[in-house]
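Here is what each chain is made of, one letter per residue.
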Amino acid sequence: MAAYLCPPAVIHGEHAVETSQIMSEVRDRHPHAAWTPRIDGIAASTGIDTRGWMLPLEAAVAPGNGGLRAVGIGSAQEALARDGFTQQDVDRVIATLEAIPAPQTVQERTAPAWEAVQSYGERAARGALQIAGLDAADIDCLITSHSTTPALPGLDVTLANKLPLRNDVMLLPATQWACIAGTRSLALAADLVAADPDRVVLVVIAEALSTTYQPADDTLESLIVRLLFADTAVAAVVTGRPRRESVLRLDDAWHYTLPGTQDLHRLDTRADGTHFVMDRRGPRAVQETVTAMWEWLRVRHQDDPDSWHPDVLLAHPGGTRVLEYMEQTMPDTWPSGLLDHSRDSYTSGNRGGAAVFDILRRAHDAGQKPGNRAVLYAAAPGLTATALKGEWL
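Residues numbered from 1 in each chain as written. Predicted model: local features only at pLDDT ≥ 70, side-chain atom pairs only at ≥ 80, totals over all residues. Heavy atoms only, no water.

Enquirer: Which parts of the structure should I look at to understand the packing of aromatic side chains?
Expert: Where two aromatic rings form a pair, the distance of their centres and the angle of their planes describe that pair. If you walk through the whole model with that rule in mind, you get six aromatic pairs. With centroids separated by 5.9 Å and ring planes inclined at 20°, the aromatic side chains of Trp 254 and Trp 296 adopt a geometry described as stacked. With Trp 254 in strand E9 (residues 248-257) and Trp 296 in helix H11 (residues 282-300), the pair connects residues that are 42 residues apart, well separated along the chain. Ring plane angle 90° and centroid distance 5.4 Å describe the contact between Trp 294 and Trp 334, whose orientation is recorded as edge-to-face. Of this pair, Trp 294 sits in helix H11 while Trp 334 sits in the loop between helix H12 (320-329) and helix H13 (340-346); the two residues are 40 residues apart in sequence, bridging distant segments of the chain. Grouping residues by exposure puts Trp 294 and Trp 334 together as buried. Among the aromatic residues, ring-to-ring pairing joins Trp 254, Tyr 256 and Trp 296 into one connected group. The ring of Tyr 120 has Arg 123 sitting right over it, with the charged end atom 5.0 Å from the ring centre. In this arrangement the basic side chain of Arg 226 is found over the ring face of Tyr 213, its NZ or CZ atom lying 5.3 Å from the centre. (Phe/Tyr/Trp six-rings, centres within 6.5 Å; stacked < 30°, edge-to-face > 60°. Helix = DSSP H or I, 4+ residues; strand = E, 2+ residues; numbered from the N terminus. Buried < 20%, exposed > 50% of the residue type's maximum accessible area, 1.4 Å probe, protein only. Lys NZ or Arg CZ within 6 Å of the ring centre and 35° of its normal.)

Encoded structure:
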């Protein structure tokens, strides 16, 4: 399967959003929510003080342009007058109704985020090409993912025009991969270059997860979503033959889907935009995919169970609880600190599909010895998981 990966380009959201800002906004908007007395402890449990967004917090919490003016003030005035209200009463009622903030619509939330996703995606793509020492004309296939800003045509066509790519480049958009986009795109790229070692694949993932920040939602799950997510664009080049810029060889891939779990984590599109819905059973279900991955690795290395172990584990399981579970369930003979780079990435937010590339970049920048063994893992709504095994060059 050998595929060769160049260091990824990582573009973090440029607008720093502090946890204290989110907590202040939530307290002002939902002072009587059942979870309000626990908000400090909930925020502290995430371990996140700041996350980067492509758009400022003000863009997420601003009122929409709908409300009374959307249906027409004149119509409202006529209806009130017909019901016997005096003009003074009509004016007072209209003024009161106009003062009620309307929620943003799907278009108001998604349109500016989609523009940002395209811009960030282009910057990441150009960065990856520069890192790999390649031009846009060298790319034979483009794999893209952006689950939180659905669009048709999508990021693949945007980049094909803006970079620009050759007209005969294979475009493979994967909008619904979500958190698994990092590992699954690399597994697909590895299959593509295995079929043609001269093929050059560019992977670009751009996620504006901040679009799931829904100010009006007063559920505990919505509070956690507000605190967790960050916006990031990443990109990397995968080739079938080693290049001077290659840093990691990918040797094997594993895929797994857990039946009956499709409703545990999901995106819901409602009148006021995209909501990320979480079920409290989710982390335990993700743990089952981790157990299945351990078994895959055990079988792959059953001839040397006491000597084989990864030197770094680049994991995006969706949260710190599952990272703790991974540490508790990995073989006792494995060294400690395998998940250090994964934990470091989480301190500035959950990056969804871009997370594994961000973790990989952190591991690369920290320095890896040639021959060090790496395992990449991610789980996503579905629940589905993909892992890869490779070696640093």
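Enquirer: How do you make sense of helix H9 (residues 181-195) when you look at a structure like this?
Expert: Residues spaced three or four apart along an α-helix point in a common direction, a consequence of the helix completing one turn every 3.6 residues. Across its 15 residues, H9 extends 21 Å between first and last C-alpha, which sits within 8% of the 21 Å expected from 1.5 Å per residue. Restricting attention to buried positions, one finds in H9 the residues Ala 181, Gly 182, Thr 183, Arg 184, Ser 185, Leu 186, Ala 187, Ala 189, Ala 190, Leu 192 and Val 193. (Expected span 1.5 Å × (residues − 1).)

Enquirer: Honestly, the side chain of Thr 289 in this entry has me stumped. Any pointers?
Expert: With respect to the helices and strands, the residue Thr 289 is situated in helix H11. A distance of 2.6 Å separates a polar atom in the side chain of Thr 289 from a polar atom in the side chain of Tyr 377. Those residues in contact with Thr 289 that lie beyond four places of it in its chain are Trp 254, Tyr 256, Tyr 377, Ala 379 and Ala 385. (Polar contact = N/O pair within 3.5 Å; in protein donor to acceptor, adjacent residues only side chain to side chain. Contact = heavy atoms within 4.5 Å.)

Enquirer: Hey, could you run me through the pairing of strand E5 (residues 141-145) in this one?
Expert: Where a strand is regular, its side chains alternate between the two sheet faces. Burial runs high along E5: five of the five residues are buried. Considered for its hand, the β-α-β crossover made up of E5, helix H8 (residues 155-162) and strand E6 (residues 170-173) is right-handed. (Right-handed = clockwise from strand over helix to strand, strands pointing away.)

Enquirer: Before we go on, may I ask you to explain H11 in this structure?
Expert: Compared with an ideal rise of 1.5 Å per residue, which puts 19 residues at 27 Å, H11 spans 28 Å between its outermost C-alpha atoms and is within 8% of the ideal. Among the residues making up H11, those that are buried are Gly 282, Pro 283, Ala 285, Val 286, Gln 287, Thr 289, Val 290, Ala 292, Met 293, Trp 294, Trp 296 and Leu 297.

Enquirer: Just to check I follow, could you spell out the pattern of salt bridges for this structure?
Expert: Any two side chains of opposite charge can pair if their charged atoms end up close together. Scanning the model with the defined rule gives 21 salt bridges in all. The partner of Asp 251 in a salt bridge is Arg 249, with the nearest N and O atoms 2.6 Å apart. A residue is classified by how much of its surface remains accessible, and Asp 251, at 26% relative accessible area, is partly exposed. (Salt bridge = Lys/Arg side-chain N within 4 Å of Asp/Glu carboxyl O.)

Enquirer: Even after reading the chapter, I still don't get the nonpolar core, so can you show me in this structure?
Expert: For soluble globular proteins, nonpolar side chains are generally found buried alongside one another. In terms of nonpolar packing, the biggest core is built from 39 residues, with Ile 143, Leu 186, Val 201, Leu 248, Leu 376 and Trp 392 touching the most fellow members. Counting residues per element, this core draws most heavily on H9, at seven residues. Excluding its chain neighbours within four sequence positions, the residues that come into contact with Leu 186 are Leu 5, Val 238, Leu 250, Phe 357, Leu 376 and Leu 388. Membership of the second largest hydrophobic core comes to 32 residues, among which are Cys 6, Ala 116, Ala 136 and Val 169. (Core = buried A, V, L, I, M, F, W, Y, C linked by side-chain atoms within 4.5 Å.)

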